[in-house]
Amino acid sequence: MADSTQTLIGPPQAAKKPHSFTFHGTTVTDEYAWLRDAGYPEVTDKAVLAHLEAENAWFEARMAPHKGRIDSLFTEMRARIKEADTSVPQKDGDWLYWIEFEDGAEYKKWWRRPVAGGPDELILDEVALAQGKDYFRLGAISTSANGKLLAYAIDDNGSERFTARIKNLETGELLADEIPGTLSGLVWVANDKALVYSLANEQWRTDNARLHWLGQPIDQDVELYHEDDEGFRVGSSLSANEKWLLIGTSDHETSETRMVRADDPLGEQILVKARRKGVEYDVDEREDVLYIHTNDTHENFRLATAPLDSPGEWTTLIDGSDEFYLLGADLFRDFYVIEGRRAGLDQIEVRYYDDPARVEAITFPEASYSAGLSNNPEWHVTTLRLSYESMVAPASVLDYDVAARTLETLKVQEIPSGYDAALYATERLEITARDGTAIPVSIVYRKDRTGAGPLHLYGYGAYGISIDPGFSTTRLSLVDRGFAYAIAHIRGGDDMGRAWYKAGKLERRTNTFNDFVDVARGLIERGFTTEGKISISGGSAGGELMGAVINSDPHLFGAVVAHVPFVDVLNTMLDDTLPLTPGEWPEWGNPIEDKAAFDLIASYSPYDQVKAQAYPPLMVTAGLNDPRVTYWEPAKWVARLRAVKTDDNELILKTNMGAGHGGKSGRFESLKETAEEFAFILWQLGVEE
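Residues numbered from 1 in each chain as written. Predicted model: local features only at pLDDT ≥ 70, side-chain atom pairs only at ≥ 80, totals over all residues. Heavy atoms only, no water.

Before going further, it helps to spend a moment on the overall build of the protein. Along its length, the protein carries twelve helices and 39 strands. Over its C-alpha trace the protein gives a radius of gyration of 25 Å, about what one expects of a compact globule, namely 26 Å for 689 residues. Reported as C-alpha extents along the three principal axes, the dimensions of the protein are approximately 70 × 55 × 50 Å. Counting over 689 residues, the protein shows a buried share of 57%. As presented, the protein carries roughly 27,500 Å² of accessible surface, and 48% of it is formed by carbon and sulfur atoms. Averaged over its 69 positive side-chain charges, the protein has a centre that lies 3 Å from the centre of its 112 negative ones. (Helix = DSSP H or I, 4+ residues; strand = E, 2+ residues; numbered from the N terminus. Rg over C-alpha atoms; globule rule 2.2 N^0.38 Å. Buried < 20%, exposed > 50% of the residue type's maximum accessible area, 1.4 Å probe, protein only. Areas by Shrake-Rupley, 256 points an atom, 1.4 Å probe, with all protein chains shown as cover. Lys, Arg positive; Asp, Glu negative; His and termini not counted. Charge placed at Lys NZ, Arg CZ, Asp CG, Glu CD.)

Printed below as a string of structure tokens:
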């Protein structure tokens, strides 16, 4: 949709500079390769910065006439958030822990009080830590078992390289210990005398697990494990009973775990089972029995056991199943909990060590919902903390009494400006894709909506990440303006099981894009909307989805928002110096070594498939410090689109110059970006107030 407001400047036109490369006999030209600063991750090239700033100026100029709507959207979104809010306290040892937001605060405060009674203690103040910073993010946070020390890590520029610190909770003082460059959890071991962590290397890969003794120089830290395969990442955690340090290493399809006594982290490590390509497993321990969650015999995973002294001898406890996708098992002293999905819907079951046939399912009232275990830090419990929400039901915190088999609602998300669930309806549809596969779709709309109105369609479809049918307060700003809001549970996610994920990766990647387009068409056929009245959005790999579907079916969509989009797939997968690339090859294929993978990626990579045609209005975001989707991917994509597309529809790019993959930090600052996104959609679809 053209806008009558004219500015004195036109959109930035990036210079074209000759650049090409050849792989497998195919020459690829990339006239915008110069937008990648050779000094990355430092971005100092004046021409690159000038172009990004020019794009930002164009973004501001085009959005300026809509500032009033952006402000009103932000105001209504903020009014749905309870500003002074407190989480439900949870017991962990001798303390009850909770978090609070104060009125107007962007960030949280972390509190505790003694179970036996006593004053509240402020243990971490994110508001104070973020003071004066344009960006702030708390990463790992971990209290020592004795409750005397707090380890935490912060990132103040969006680069996802965190600095870990340790606070004495008895005195309030920070210890001298400071560990820069972490990208991991912080795990207390050796009776609270040491921390285990992982450093990000130069390529932003965690190829290590390291041990830091409190009070010792960082350069004396001990490397407990080093991973030589550059595609694997290392992470550490404790077993549920906190007796074992678990050091895991994995890529997107293969994993391996080592165990060592948490009270003796320099002791002998036990390799549970050596890695085998395509086999994933994770492990926990109770009374010298290992419980292994693995996909070695069935793609939807089984649960096996093994004696501690023969960790590789696995005996099935729960069989793998085509109908039940086993997501994991959480061990407690007297029972264990299974989480999974049946027909795409979350399932929670309590099971017993002494009676494998005893299965107690926790049931929920709605036909479509999202539910799971929440924060359950203790080993010996009689109640389980759960979370629950649906597309019409705000998020709830529940306690489940295991013996009585009863649910108690402890808290329901409050919406200060008001919310009446009775005004809304939600459905779970199935729409048949072009190859005959039934694609689930979750949709919400107002009951008073009539006819085929505007519709927003969201999708992701990668890495086996499911998009659950949960609640969103921001979504109401579209739904209350007549939109239906739909989530397409497309292949590439694991919404319907592991086979669903596999059907959208590697050589079957294009199923993901086709599913999304076919869902859009199906929603038109069912009368929810009409061609050109669909807005779509996705981020990261979901941004790749946006790029692919506007190349293939641009006429379907009236507004598109691509956040930090992974659109330069071929170039990125050919560059093994980039942080994520080697670890991504199991997901997309390795075009360096495999010509078929090269040809396939080239055939759908959104940047490489831009062509001379009309494209729908497009808003793109990027983060200068983003280590996941580097800033030049969206910048190059927008530059090529500007040069090639045949329409005069809006094309705007906003690069956060002080943020990374997640955009701005803070609960309200991030809302401003959502308000911009929704204002763009309403503008392009011609939706008036």
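Our next topic: the pairing of strand S29 (residues 383-389). The sheet contact formed by strand S28 (residues 370-373) and S29 spans four bridges and is antiparallel. Across the sheet, Ala371 pairs through a bridge with Tyr388, a residue of S29. The pairing of S29 with strand S30 (residues 396-401) spans six bridges and is classified as antiparallel. Bridge pairing links Ser387 to Val397 in S30. (Pairing = 2+ DSSP bridges.)

Moving on, we come to the sheet that holds strand S18 (residues 255-261). Here four strands make up an open sheet; going across it, the order is S16-S17-S18-S19 and the pairing antiparallel. The open sheet is flanked by strand S16 (233-238) and strand S19 (270-271), the only strands paired with a single partner. The sheet contact formed by strand S17 (residues 244-250) and S18 spans seven bridges and is antiparallel. Directly across from Gly248, in S18, lies its bridge partner Thr257.

Applying the stated criterion to the full structure yields 24 aromatic pairs. Taken together, a centroid distance of 4.9 Å and an interplanar angle of 85 degrees make the contact between Tyr40 and Trp632 edge-to-face. You can see Tyr40 sitting in the loop between strand S2 (26-29) and helix H1 (46-63) and its partner Trp632 sitting in helix H11 (residues 632-644), a full 592 residues away along the chain. Residue Trp632 is classed as buried on the basis of its relative accessible area of 3%. (Phe/Tyr/Trp six-rings, centres within 6.5 Å; stacked < 30°, edge-to-face > 60°.)

What tends to happen in soluble globular proteins is that the nonpolar side chains get buried as a cluster. Of all hydrophobic cores here, the largest spans 112 residues; its most connected members are Leu457, Phe516, Leu523, Ile536, Phe557 and Trp637. Here this core takes eight residues from helix H12 (residues 669-684), the largest share from any one element. When residues no more than four places from it in sequence are discounted, the contact partners of Ile536 are His456, Leu457, Phe516, Met546, Val549, Ile550, Phe557, Ala559, Val560 and Val561. In this structure, Leu373, Leu384, Leu386 and Val402 belong to the second largest nonpolar core, which totals 19 residues. (Core = buried A, V, L, I, M, F, W, Y, C linked by side-chain atoms within 4.5 Å. Contact = heavy atoms within 4.5 Å.)

This next bit is on H12. Between its first and last C-alpha atoms H12 spans 24 Å; for 16 residues at 1.5 Å apiece the expected length is 22 Å, and the two agree. Of all 16 residues in H12, 13 are buried, a share of seventy percent or more. Residue Gly686 follows H12 closely and has a positive phi angle near 70 degrees. (Expected span 1.5 Å × (residues − 1).)

Within S17, five of the seven residues are buried, which leaves the element mostly enclosed by the surrounding structure. Bridge count between S16 and S17: six bridges; the pairing is antiparallel. Bridging from a neighbouring strand, Ser237 pairs with Leu246 of S17.

Now for the side chain of Asp30. Position of Asp30 relative to the elements: it lies in the loop between S2 and H1. A relative accessible area of 2% places Asp30 in the buried class. Discounting chain neighbours no more than four positions away, the residues touching Asp30 are Lys17, His19, Asn571, Tyr607, Lys636 and Arg640.

With respect to the secondary-structure elements, Asp553 resides in the loop between helix H7 (541-552) and strand S37 (557-563). Beyond its immediate sequence surroundings of up to four residues, Asp553 is in contact with Val517 and Arg521.

Taking strand neighbours across the sheet as the criterion, the four strands line up as S8-S9-S10-S11 in an open arrangement whose pairing is antiparallel. Where the open sheet ends on each side, the last strands, each with one partner, are strand S8 (137-143) and strand S11 (174-182). Averaged over all neighbouring strand pairs, the angle between strand axes comes to 20 degrees, with direction disregarded. As paired strands, strand S10 (residues 162-168) and S11 are joined by four bridges and run antiparallel to one another. If you follow Arg165 over to S11, its bridge partner there is Glu178. (Axes fitted to C-alpha atoms, helices over the stretch in contact; angles between N-to-C directions.)

Another aspect to go through is the environment of Tyr336. You can see Tyr336 is positioned in strand S25 (residues 336-342). Expressed as a C-alpha distance, the spacing of Tyr336 and Arg351, which sit 15 residues apart in the sequence, is 5.4 Å. In this structure, Tyr336 is in contact with Leu303, Leu317, Ile318, Asp330, Leu331, Glu349, Val350, Arg351, Tyr352 and Tyr353, ignoring residues within four places of it in sequence.

Considering all chains together, one arrives at 48 salt bridges under this definition. The partner of Asp71 in a salt bridge is Lys67, and the shortest N-O contact between them spans 2.8 Å. Of this pair, Asp71 and Lys67 both sit in helix H2 (residues 67-79), four residues apart, which is roughly one turn of the helix. Taken together, the shared-partner salt bridges connect Glu227, Glu256, Arg258 and Arg275 into one network. (Salt bridge = Lys/Arg side-chain N within 4 Å of Asp/Glu carboxyl O.)

Attention now moves to the packing of H2 against H12. One can describe the packing of H2 onto H12 by two numbers: an axis separation of 8 Å at closest approach and a directional angle of 125 degrees. Accordingly, the angle class assigned to the pair H2 and H12 is oblique. Crossing of H2 against H12: the hand is right-handed. Seen from H2, the contacting residues are Arg69, Ile70, Leu73, Phe74, Met77 and Arg78; seen from H12, they are Leu671, Lys672, Thr674, Ala675, Glu676, Phe678, Ala679, Leu682 and Trp683. For the contact of H2 with H12, the residue count by class is ten nonpolar, one polar and four charged. (Parallel < 35°, antiparallel > 145°, perpendicular 65-115°, else oblique. Left-handed = near helix turned anticlockwise from the far one by under 90°. Nonpolar A, V, L, I, M, F, W, Y, C, P; charged D, E, K, R; others polar.)

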